[in-house]
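Secondary and tertiary structure notes
Each chain, letter by letter, is given below.
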Amino acid sequence: MDLKQLTDIDAVSGNENALRRAIVEAARALCDDVTIDRSGNVIATKPGTDDRLPHVVLSAHMDEVGFMIVGYTDDGLLRIRPIGGIDPRVAVSKWVRVGKDALPGVIGAMAIHLQTPEDRQRVLGFDKLYIDIGAKDQKEAERLCPLGTYAAFDTPYTPFGDGFVAAKALDDRVGCLSLLRILENDYAAKVTCAFVTQEEVGLRGAKGAAFTLQPDIAIVLEGTAANDVGDVPARARVCEAGNGVCVSFMDGASIADRGLFQTMLSLAASEGIPHQVKRAVTGGNDAGAYQRTGVGARTVVLSVPCRYIHSGASVAKLSDIDAQYALAHAFLNNL
């Protein structure tokens, strides 16, 4: 699978079925041991050739941010709630795909002509937004989109500029792509690639995977916020698209194992892999689940900088995605 195929599939947290099927098919072409656990995680393991080496889990999450239908208006508009962290300011007027039939819809709000001066001074919350699918009334909306129906951003995968790509769900289809590339290889250590569920709503899938796998080392492959556009001063830039894979020393959910952190930086330098250090303690990811489950695991996070993350259209540089894979691959080869 390529990145376009991965991002074209909708997999809002808790509704990863379509992506899971595609990943299972791709993984089974590369690995003999592929299973699905009770949390819906896809677990692909290659046994390795040297039992003295640590068991390494590389993990990426399948799910993406999106919406769920929670009610209706009399005239057939869909009331929504976000799944995962979405800023309502980036949602208005975006196209979405709704339900199993991928019905086209537009996220709407009261027209600016009808807003009061006070309305214009505040951000409209999701209780003031809706999805318009063109239903004639509430009854038709209920029939087409029952309560609990999912909606995902509808954004075409578009390469542009100097090696950039815009798409939905780059967080974390970039990590899923790197895992599939890892499975193409054989390593001396036992290596497990975990494609996990529901990261965006509390690291839920990774908690189950961590209990089952109990790895010695967990390397989380992620997409992270790149605060590198506009008038942001250099000291405030979390990381920068185009500067390589981002190695985190700490975030809101975990602190990197110091030895692994230094090893990744040393390896990247010696192997000529473009890299950078994430310069702010922001967000959280599945490393927090692996680090704190059972007897724990040594963890480190390797991320691809993504502009406009958790929106309808994120942007990443393809060379940064290659660098993420290259550093994970180099680590496994140098154990």
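See the structure shown above.
Here's what I pulled together on the structure shown here.

1. Looking at the environment of H55
As for its placement among the helices and strands, H55 is situated in the loop between β2 (42-46) and β3 (56-61). Among the residues examined, H55 registers a relative accessible area of 10% and is labelled buried. Each C-alpha atom, one on H55 and one on K190, is 5.0 Å from the other, the two residues being 135 residues apart in sequence. What H55 contacts, discounting residues up to four positions off in sequence, is K190, T192, L213, P215, D216 and I217.

2. Quick look at helix α7 (residues 258-271)
Along an α-helix, residues three or four positions apart point the same way, because every turn accommodates 3.6 residues. Across its 14 residues, α7 extends 20 Å between first and last C-alpha, which sits within 8% of the 20 Å expected from 1.5 Å per residue. Among the residues of α7, L260, F261, M264, L265, L267 and A268 are the ones counted as buried. One face of α7 carries all of its buried residues, which in axial projection span an arc of 165°. Pointing more than 90 degrees away from the buried face of α7 are the exposed residues R258, A269 and S270. Next to the buried residues of α7 lie β13 (217-225), β14 (245-247), β15 (275-277), β16 (298-306) and α9 (318-333). Of the residues that open α7, the one with a side-chain oxygen 3.1 Å from the backbone nitrogen of G259 is D257.

3. Some details on helix α6 (residues 204-213)
Looking at α6, one finds that the buried residues are G205, A206, A209, A210 and L213. Projected down its long axis, α6 carries its buried residues within an arc of 130°, all on one side. α6 presents F211 and T212 as exposed residues on the side facing more than 90 degrees away from its buried surface. Residues of α6 that are buried in the fold lie against β2, β3, β12 (191-196) and α8 (287-292). Backbone geometry just after α6 places Q214 at a positive phi near 45°.

4. Remarks on the pairing of strand β4 (residues 66-72)
Two faces, one strand: in a regular strand the side chains alternate between the faces of the sheet. With five of seven residues buried, β4 lies mostly within the body of the structure. Here β4 runs beside strand β5 (residues 78-83); their pairing, made up of six bridges, is antiparallel. Directly across from G71, in β5, lies its bridge partner R79. In this structure, β4 lies alongside strand β9 (residues 150-153), joined through two bridges in antiparallel fashion. Among the inter-strand pairings, M68 is bridged to a residue of β9, identified as Y150.

5. As for the state of the cysteines
Counted under the stated rule, the structure contains zero disulfides. Here C239 is not disulfide-linked; the sulfur of C246 is the nearest cysteine sulfur, at 4.1 Å.

6. A few points about the packing of helix α5 (residues 170-182) against α9
Helix-helix packing is characterised by the crossing angle of the two axes and by the distance between the axes. Running from N to C, α5 and α9 cross one another at 40°; their axes reach a closest spacing of 9 Å. In terms of orientation, α5 lies oblique with respect to α9. The two elements α5 and α9 meet at a crossing, and its hand is right-handed. Between α5 and α9, the contacting residues are V174, G175, L177, S178, R181 and I182 on the first element and I321, D322, Q324, Y325, A328, H329 and L332 on the second. Residues of the contact of α5 with α9, tallied by class, amount to seven nonpolar, four polar and two charged.

7. Section: the environment of L332
Position of L332 among the secondary structure elements: in helix α9. Once the C-alpha coordinates of L332 and D186 are considered, the two residues, 146 residues apart in sequence, prove to be 9.5 Å apart.

8. A look at the pattern of salt bridges
Opposite charge on two side chains lets them pair, provided their charged atoms get close. Under the defined criterion, the tally for this structure stands at 16 salt bridges. Between D8 and K4 there is a salt bridge whose closest N-O contact spans 2.7 Å. Residue D8 and its partner K4 are located together in helix α1 (residues 3-8), separated by four residues, close to a single helical turn. Overall, the relative accessible area of 31% leaves D8 in the partly exposed class. Two residues, E64 and R173, come together in a salt bridge whose shortest N-O distance is 2.6 Å. Pair noted here: E64 is in the loop between β3 and β4 and R173 is in helix α5, with a separation of 109 residues, a long-range link. Each of the two residues, E64 as well as R173, counts as buried. Each of the salt bridges in this network shares a partner with another, and the network as a whole consists of D10, E64, R97, D154, K168 and R173.

What counts as what
- Residues numbered from 1 in each chain as written.
- Predicted model: local features only at pLDDT ≥ 70, side-chain atom pairs only at ≥ 80, totals over all residues.
- Heavy atoms only, no water.
- Helix = DSSP H or I, 4+ residues; strand = E, 2+ residues; numbered from the N terminus.
- Buried < 20%, exposed > 50% of the residue type's maximum accessible area, 1.4 Å probe, protein only.
- Contact = heavy atoms within 4.5 Å.
- Expected span 1.5 Å × (residues − 1).
- Arc of directions from axis to C-beta.
- Polar contact = N/O pair within 3.5 Å; in protein donor to acceptor, adjacent residues only side chain to side chain.
- Pairing = 2+ DSSP bridges.
- Disulfide = S-S within 2.5 Å.
- Axes fitted to C-alpha atoms, helices over the stretch in contact; angles between N-to-C directions.
- Parallel < 35°, antiparallel > 145°, perpendicular 65-115°, else oblique.
- Left-handed = near helix turned anticlockwise from the far one by under 90°.
- Nonpolar A, V, L, I, M, F, W, Y, C, P; charged D, E, K, R; others polar.
- Salt bridge = Lys/Arg side-chain N within 4 Å of Asp/Glu carboxyl O.

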